[in-house]
Amino acid sequence: MSSPLRIALAGLGTVGTGVIQLIQENRALIARRAGRPIEIVAVTARDRSKNRGVDLSSYRWVDDMGELATASDVDVVVELVGGSDGPALTLARETLSSARAFVTANKAMIAHHGAELAQLAESKNTALKFEAAVAGGIPVIQGLRDGAAANRIDRVYGILNGTCNFILSTMEKEGLDFTDVLSDAQAKGFAEADPSFDIDGIDAAHKLAILASLSFGSEIDFGGVEARGIRKILAADIAQAKALGYRIRLIGLAEIDGENGKSEIFQRVQPCLVPLAHPLAHVTGATNAVVAEGNFSGRLLFQGAGAGDRPTASAVVADLVDIARKETGPAFSMPSSELERLPRAASAHRVGKTYIRMIVADRVGVLAEITAAMRDAGLSIESLIQTETSDDGSALIAMVTHAGPEQAINDTLNTLATSDSLMGEPMVMHILGE
């Protein structure tokens, strides 16, 4: 066998210790598959004294993380610190500038700075790998970059955040409201103490921006992702969606839009109603799933554990095996100079069915007022459910529209914005096309 691939590991949280355990446990198998041993030579973290449940005695401890970027006995730096900027970004820049390979699970950093880092890696003829940054242990990055490389992909979408999917599928199963399920998810470790990045759609938006670039051969445009989370979903929305033949999932969707040969990119993260016939309707718990539609391959579905120490560690080590085999290549499927800068597509003209939920004062004329606003906007109703009056004198109206432009939804809500018939802000969720 060839000489070992020497690894420095920055960050010893659950994923970092998972990487150590995986390399230790499967050492011989990994060496056979990689064609050479993979050995950890140096590690660093904020607290040296912390008991992490793994033996670190055979690795050199480095107090200054920056030293790993230029250490003479290091071939690859693995960054598991996190954060879009700060020490993680500095380490990435210094490592690649030193012509050493860099592996990360840091989705935020790649979404914000991936283009810069990819250019730097290419200029130094070294590798930038980030399989673990999207969908945990699912090999979706390699699948899109290599397996689907011959296809034109015009649409990629999926369930990209395990925390949100756990919350929504638990709400569905238990009939509970969002806040109750969030508290339970935090107690079980499925949600962070501050869950904002997850439940507001930011985490999924990071991942979507990366997937879009890989799928379309376009520059990353995280700022162009419309992101809306799941905070405002009620147990009643889950129930009404079920009655109408749907399940609610937080969906990240990116596709190529535009007419007359002018390509534009549309990117959005939002809760959607998913038809029961669609495979994403049956993805439950903390599972992730990604669908890519290729012009020759057809629909490709990648599904599996989207987070957790072991699946994410598996993705990190898979990148290390690629580097050991010298299967490096451009980070985003093609050289950075070939990535297109696509303009952002507007959403107002997009056509589809939409779910609208309103809490209204239960009195004569309310439904007529709503339908008049919809009529004036050119919007018609496919199905409607109205609940019985609550103790506070309110009723819930849930409807699914016929296919129409999103501008018609906006016009309807603008008309109703000043109505004293509405008790609170309406909830709007688009329906995922089959």
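Use the structure listed above.
Residues numbered from 1 in each chain as written. Predicted model: local features only at pLDDT ≥ 70, side-chain atom pairs only at ≥ 80, totals over all residues. Heavy atoms only, no water.

Asker: Got a minute to help me understand the overall build of the chain in this structure?
Answerer: Scanning the chain for helices and strands turns up 13 helices and 18 strands. In summary, the chain has a C-alpha radius of gyration of 24 Å against a globular reference of 22 Å for 434 residues, a match within 12%. A burial count over the chain gives 53% of its 434 residues as buried. Taking the contacts inside the chain whose residues are at least 6 apart along the sequence as the reference set, 74% of them involve residues at least 24 apart. For the chain, the exposed surface amounts to about 18,700 Å²; the carbon and sulfur share of it is 48%. For the chain, the separation between the mean place of its 40 positive charges and that of its 54 negative charges on side chains is 6 Å. (Helix = DSSP H or I, 4+ residues; strand = E, 2+ residues; numbered from the N terminus. Rg over C-alpha atoms; globule rule 2.2 N^0.38 Å. Buried < 20%, exposed > 50% of the residue type's maximum accessible area, 1.4 Å probe, protein only. Contact = heavy atoms within 4.5 Å. Areas by Shrake-Rupley, 256 points an atom, 1.4 Å probe, with all protein chains shown as cover. Lys, Arg positive; Asp, Glu negative; His and termini not counted. Charge placed at Lys NZ, Arg CZ, Asp CG, Glu CD.)

Asker: I'm lost on the nonpolar core in this one. Help?
Answerer: General note: in soluble globular proteins, nonpolar side chains tend to be found buried as a group. Ranked by size, the top nonpolar core spans 87 residues in total, and within it Phe-130, Val-140, Ile-167 and Phe-332 carry the most contacts. Counting residues per element, this core draws most heavily on helix α9 (residues 202–216), at nine residues. In this structure Ile-167 touches Phe-178, Val-181, Leu-182, Ala-185, Ile-199 and Ile-230, once residues within four positions along its chain are discounted. Grouped together as the second largest cluster of nonpolar side chains are 33 residues, Val-15, Ile-23, Ala-127 and Val-317 included. (Core = buried A, V, L, I, M, F, W, Y, C linked by side-chain atoms within 4.5 Å.)

Asker: What is the right way to read the sheet that holds strand β18 (residues 427–430) from this model?
Answerer: Strand pairing in a sheet takes place through backbone hydrogen bonds and is either antiparallel or parallel in direction. Ordered in space as β15-β16-β14-β18, the four strands form an open sheet in which the pairing is antiparallel. Sheet topology places β15 (381–386) and β18 at the edges, where each strand pairs with a single neighbour. Averaged over neighbouring strand pairs, the angle between their axes works out to 15° when direction is ignored. Judged from the seven bridges that link them, strand β14 (residues 354–361) and strand β16 (residues 394–401) form a sheet pairing that is antiparallel. Residue Ala-361 lies in a different strand from β16, and its bridge partner there is Ser-394. Against the sheet, helix α12 (residues 366–377) engages β14, β15 and β16, with an angle of about 30° to β16. Here helix α13 (residues 406–416) sits on the sheet and contacts β14, β16 and β18; the angle it forms with β14, its principal contact strand, is near 10°. (Pairing = 2+ DSSP bridges. Axes fitted to C-alpha atoms, helices over the stretch in contact; angles between N-to-C directions.)

Asker: What exactly am I supposed to notice about the pattern of salt bridges here?
Answerer: Any two side chains of opposite charge can pair, on the condition that their charged atoms come close. Overall, the coordinates contain 26 salt bridges when judged by the stated rule. Lys-207 is the partner of Asp-203 in a salt bridge, and the nearest nitrogen-oxygen pair spans 2.9 Å. With Asp-203 and Lys-207 both in helix α9 and four residues apart, the pair spans about one turn of that helix. In this structure, Asp-203 and Lys-207 share a single accessibility class: buried. A network of salt bridges, in which partner residues are shared, links Arg-155, Glu-226, Glu-255, Asp-257, Arg-268, Glu-293, Arg-350 and Glu-406. (Salt bridge = Lys/Arg side-chain N within 4 Å of Asp/Glu carboxyl O.)

Asker: What's the story with the side chain of Lys-207 in this structure? I'm lost.
Answerer: Residue Lys-207 is classed as buried on the basis of its relative accessible area, which comes to 5%. A polar contact is formed between the side chain of Lys-207 and the side chain of Asp-203, at a distance of 2.9 Å. (Polar contact = N/O pair within 3.5 Å; in protein donor to acceptor, adjacent residues only side chain to side chain.)

Asker: Any chance you could explain α13 here in plain terms?
Answerer: Spacing of three or four residues puts side chains on the same side of an α-helix, whose turn is 3.6 residues. Inspection of α13 places Glu-406, Ala-408, Ile-409, Thr-412 and Leu-416 among the buried residues, and these make up the whole buried set. Looking down the long axis of α13, one finds its buried residues gathered within 155° of arc, a one-sided arrangement. Residues of α13 that are buried in the fold lie against β10 (264–275), β14, α12, β16, β17 (404–405) and β18. (Arc of directions from axis to C-beta.)

Asker: Please explain the environment of Arg-350 as it appears in this structure.
Answerer: In this structure, Arg-350 sits in the loop between α11 (309–324) and β13 (351–352). Using a relative accessible area of 15% as the deciding quantity, one classes Arg-350 as buried. Placed 55 residues apart in sequence, Arg-350 and Pro-405 show a C-alpha to C-alpha distance of 5.3 Å. Discounting residues that sit within four places of it in the chain, Arg-350 has contacts with Leu-253, Glu-255, Asp-257, Phe-266, Arg-268, Gly-404, Pro-405 and Glu-406.

Asker: Could you clarify how one ought to interpret the side chain of Thr-17 in this entry?
Answerer: Take Thr-17: it is sitting in helix α1 (residues 14–25). Since its relative accessible area comes to 9%, Thr-17 is described here as buried. Not counting the four nearest positions on each side in its chain, Thr-17 is found in contact with Leu-12, Arg-52 and Val-54.

On their own, these measurements won't tell you what the molecule is for.
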